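Close look at the chain arrangement
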Amino acid sequence: MTITKICCIGAGYVGGPTCSVIAMQCPHIKVTVVDISKHRIAQWNSDKLPIYEPGLDNIVKQRRNVNLFFSNDVENAIKEADLVFISVNTPTKTFGVGKGRAADLTHVENCARIIAQVSTSNKIIVEKSTVPVRAAESILKILSANHKPNVKFQVLSNPEFLSEGVAVENLLNADRVLIGHEETADGFWAFKELSKVYLNWIPEEKILRTNTWSSELTKLAANAFLAQRISSINSMATICEETGADISEVARGIGLDSRIGSKFLQASVGFGGSCFTKDLLNLVYICEHLNIMQVAMYWQQVLDMNDYQKSRFSNKIIESLFNTVTGKKITMFGFAFKKDTGDTRESPAIHVAKTLLDEGAKLNIYDPKVEHEQIQRDLTHPYVTENPEAVMKSIEIHNDPYYATINTHAIVICTEWDEFIELDYKQIYRGMIKPAFIFDGRKILNHDNLTKIGFQVHTIGRR
Ligand code: UDX
Ligand code: UDX
Ligand code: ADP
C-alpha cells in the first residue's frame, strides 16, 4: 500500500496546520480534514480561517480544493482514507474520577468507535493528540472489538510538537518527527508507510522511531521539561526582585552554558497555552495513579510555581496602585497566551484580568488578534466569575491601542506582541492619569526610556 488518501479528524490548532503543510509538501496525496463542528469547517472553507498562524493563509489558499479539503462528512473521509490522523482535543476532565487533572479521552474514544464502524479496508490510525501513556492501547482495543471481518488496523503514536505562532515554520523544519509503533512486523510496516509521507520534506535522520509508549511519554515529557524551564527561570526572577540581580543578565549567563542552552529562559507573567498546564496535570495524575508520589509532587511544583508567578504579578499591580484598584481604569495590552496567535487557552491574561476585576477595577483590553467575543467568553466563564453581567459592564474591548489607554491609570502587558514595542509612549503618557504606571509582564519594553518619559515602571525579575 502506498498512502494516497489521508483523513484527519479534528480541524483545530493541530489538525489544520499539520494537514495544510502535508498537502503542500505531498501534492500526490489527497488530504481531507474533517470536524463535527459545522462552523469550524465553514471557517476553514472561507477567507477568514478559524485560527491565526503566520504563513497558513497562503498555504491553504494554494492547496484548498486541489488536494486539501475541509469537510463535515467524517464517515466518508475515514472510509476512503489509507491513513487517519486523530487530532481531536483532549481537555482536562471536568468531572468524575481524575477531575481537573486527568485527560478527557471521550473525543479520542469517539473517533476510534466511528473508525471501527465505518471502515471497510485496512487502515493506519495515527494518534496525534497528546494523550496519556498507553492511550494507543485503548484505541486498539476499541478498534479490535468493533471491526468488520478482514479489516485490520495498525495504531501509531506520532505526537505533534508544533508551537503556536510558529506552527508552519515548525512543521516545515521540524526538529524531529517522532513515530512510535507496535513492536511487530506489521507495526514496523505502518511506521515505514507514515515515514514515507514525511520523507517528502523531512530528512530521514530527523525521523525518530520508538515503541508506542516511549512516543506517548516523550510528548508529555517534552512539554513538562519546557514548562519546567519557565517555572525555573520565573523562580529565579522572584529572587532577583528581592535582591538586586537582574533576571535578563542571569538568563544570559546560564544560557551560554551549552548544557543548558539559551532558549526558553524568558521570565514572564507565567506560561499559558493549551498544552503545558494540561499535560503537566495529566503527568502528575499518571504518577499518582502509578503510586510514585515523589515524582508527582516534583512535577506538581512546576504548576504551583506558575500559579505563584501569575498571582505575584497581579498582586504587584494592586500594591503599586496604592493597594486599591477599585473603580480604577486599567489598560491590558495583549490577551493571547503568547504573541502571533489569537489563542487564549490558559492565557495568563485571564488570571490577571480576573484578579483585577475581583478587586473592582475597570479594564480596557486590546489584543491585535484575539476576537472580542473570545475575551468576553473567557472573562464571563464560571471559572472566572459568578456575575457575568457585572464583568461585561467592567470591560471595554478596543481596536486601537492608543484609544485603549486614554484616562487609564496603568498599562499591563500580558502578551509580547511586537507592535507594543513600537508604540509612541510619549503620546500615550500624555493621555493617561498621573502617576501613570506600566507593568511589563513580558519584559519587552525599553524601561529606561519609559522612566524618562515619566512612567512608573514595574517588570519581572528586576527591582
Ligand atoms: C558541576 C558543574 O557541571 C560545573 O559547571 C560546576 O562548576 C561544578 O559542578 P561536576 O560536579 O564536576 O561539575 O560534574 P558534572 O559533570 O556536572 O556532574 C555532576 C554529577 O551529575 C555527577 O555525579 C554526574 O555523574 C551526574 N550527572 C551528570 C548525571 O547523573 N547525569 C547527567 O546527565 C549529567
Ligand atoms: C508548546 C510547546 O512548545 C510545543 O512543542 C507543544 O507541541 C505544544 O505546547 P505552545 O503552547 O504553542 O507550544 O507555545 P510555547 O512557545 O511553548 O509557549 C507556551 C507558554 O510559555 C506561553 O505562554 C509563552 O509565553 C510562555 N513562555 C515560553 C515563557 O513564558 N517563557 C519562555 O521562555 C517561553
Ligand atoms: P488542538 O489544539 O488539540 O488542535 P482544538 O480544540 O483546536 O484542539 O481542535 C480539536 C477539534 O476536534 C475541534 O474542532 C473539535 O470540534 C474536533 N472534534 C472533537 N471531537 C470530534 C469528533 N468525534 N469528530 C470530529 N471532530 C471532532
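Just so we're clear, the structure is a prediction, and the values are computed from it rather than from any experiment. Here the residue numbers are simple positions, counted from 1 along each chain's written sequence. Labels follow written order: the first chain is A, the first ligand is 1, and so on. Confidence filtering applies because this is a predicted model: local features only for residues at pLDDT of at least 70, side-chain atom pairs given and counted only at 80 or more, and all residues used for totals across whole chains, interfaces and linings.

By a widely used convention, the size of an interface equals the accessible area lost when the partners come together. Each domain's extent is set by a domain assignment, obtained either automatically or from a database. According to the domain assignment, the chain consists of domain 1 (5-202) and domain 2 (304-459). Put simply, the middle of domain 1 and the middle of domain 2, counted by C-alpha atoms, are 36 Å apart. Contact criterion: two residues are in contact if their C-beta atoms, reconstructed from the backbone, are within 7 Å. Taken residue by residue, the interface counts six residues in domain 1 and seven residues in domain 2. Basically, the charged four are Asp, Glu, Lys and Arg, the nonpolar ten are Ala, Val, Leu, Ile, Met, Phe, Trp, Tyr, Cys and Pro, and anything else, Gly included, counts as polar. Of the residues that constitute the side of domain 1 that touches domain 2, the class distribution is four nonpolar, one polar and one charged.

Right, let's get into the site of ligand 2. As a rule, any residue with its backbone-derived C-beta atom within 6 Å of a molecule or strand is reported as near that molecule or strand. Surveying the vicinity of ligand 2 reveals 19 residues, the closest of which are Q266, S268, F271, G273 and C275. If you tally residues by element for the shell around ligand 2, the top one is helix α9 (residues 212-242), at three residues. When the residues that make up the shell around ligand 2 are grouped by side-chain class, the tally is ten nonpolar, six polar and three charged. Put simply, DSSP marks the helices as runs of H or I at least four residues long and the strands as runs of E at least two long, and each gets a number from the N terminus on.

Multiplying 1.5 Å by the residue count of a helix minus one yields the expected span of that helix. In this model helix α8 (residues 185-198) runs 20 Å from its N-terminal to its C-terminal C-alpha over 14 residues, within 8% of the 20 Å that 1.5 Å per residue would give. Where α8 is buried, its residues contact α1 (15-25), β4 (83-86), β5 (123-127), β6 (153-157), β7 (177-181) and β8 (207-211).

Glancing now at the sheet that holds strand β10 (residues 362-366). Read from one edge to the other, the open sheet built from six strands follows the order β11-β10-β9-β12-β13-β14, with strand pairing classed as parallel. The sheet terminates laterally at β11 (395-398) and β14 (456-459), the two strands that pair on one side only. For this sheet, the mean inter-axis angle between neighbouring strands, taken without regard to orientation, is 20°. Strand pairing follows a simple DSSP-based rule, namely that at least 2 bridges must link the two strands. Looking at chain direction, strand β13 (residues 437-440) and β14 are connected through four bridges and run parallel. Bridging across to β14, I438 finds its partner in V457. In this description, a line fitted to the C-alpha atoms serves as the axis of each element, helices being fitted only across the stretch in contact, and the angle between N-to-C directions of two axes falls anywhere from 0 to 180 degrees.

On average, residues of the chain carry a pLDDT of 96, and 100% of them reach 70 or more. For this predicted complex, the interface confidence comes out at an ipTM of 0.95, alongside a pTM of 0.96. Note on scores: pLDDT gives the predictor's confidence for each residue, bounded by 0 and 100.

Let's shift gears to the packing of helix α12 (residues 293-320) against helix α13 (residues 348-358). α13 packs onto α12 with a crossing angle of 40° between their chain directions and a minimal axis gap of 9 Å. On the basis of their axis angle, the class for α12 and α13 is oblique. Along this stretch, α12 crosses α13, giving a crossing that reads as right-handed. In this structure, α12 contributes K310, F313, S314 and I317 to the contact, and α13 contributes P348, H351, V352, T355 and L356. For the contact of α12 with α13, the residue count by class is five nonpolar, three polar and one charged. An angle below 35 degrees is treated as roughly parallel, one above 145 as roughly antiparallel, one from 65 to 115 as roughly perpendicular, and anything else as oblique. For any helix crossing, the convention is left-handed if the near helix is rotated counterclockwise from the far helix by under a right angle, and right-handed if that rotation is clockwise.

This part is about the site of ligand 3. The environment of ligand 3 is formed by 21 residues, the closest being G10, G12, Y13, V14 and N89. If you tally residues by element for the shell around ligand 3, the top one is helix α5 (residues 106-118), at three residues. Considering only residue class, the shell around ligand 3 consists of nine nonpolar, ten polar and two charged.

By definition, a nonpolar core groups buried Ala, Val, Leu, Ile, Met, Phe, Trp, Tyr and Cys residues that connect through C-beta atoms lying within 7 Å of each other. Buried, partly exposed and exposed are defined by the number of other C-beta atoms within 10 Å of a residue's own C-beta, namely 20 or more, between the two limits, and 12 or fewer respectively, with C-beta atoms placed from the backbone. Ranked by size, the top nonpolar core spans 70 residues in total, and within it L280, M332, A353, L356, V412 and C414 carry the most contacts. Listed in part, the 58 residues of the second largest apolar core include V88, L105, C111 and F191.

Let us look at the environment of R377. When you line up the elements, R377 lands in helix α14 (residues 372-379). Among the residues examined, R377 registers 13 C-beta atoms within 10 Å and is labelled partly exposed. Spatially, the C-alpha atom of R377 lies 9.9 Å from that of M392, the residues being 15 residues apart in sequence.

Let us look at the pairing of β8. Sheet analysis places β7 next to β8, joined by five bridges and oriented parallel. Directly across from L178, in β8, lies its bridge partner L208. In this fold, the crossover linking β7 to β8 by way of α8 has right-handed handedness. A clockwise path from the first strand over the helix to the second, with the strands pointing away from the viewer, defines a right-handed crossover.

The subject of this paragraph is unusual backbone geometry. Here K434 and P435 are connected by a cis peptide whose omega angle stands at -5°. Tracing the chain through its elements places P435 in the loop between α18 (425-431) and β13. For N150, which is not glycine, the phi dihedral falls at a positive 70°. Mapping N150 onto the fold places it in the loop between α6 (135-146) and β6. The phi angle at F264 is positive, at roughly 60°, despite the residue not being glycine. Topologically, F264 is positioned in the loop between α10 (247-255) and α11 (276-289). You can call F264 partly exposed: it has 16 C-beta atoms within 10 Å.

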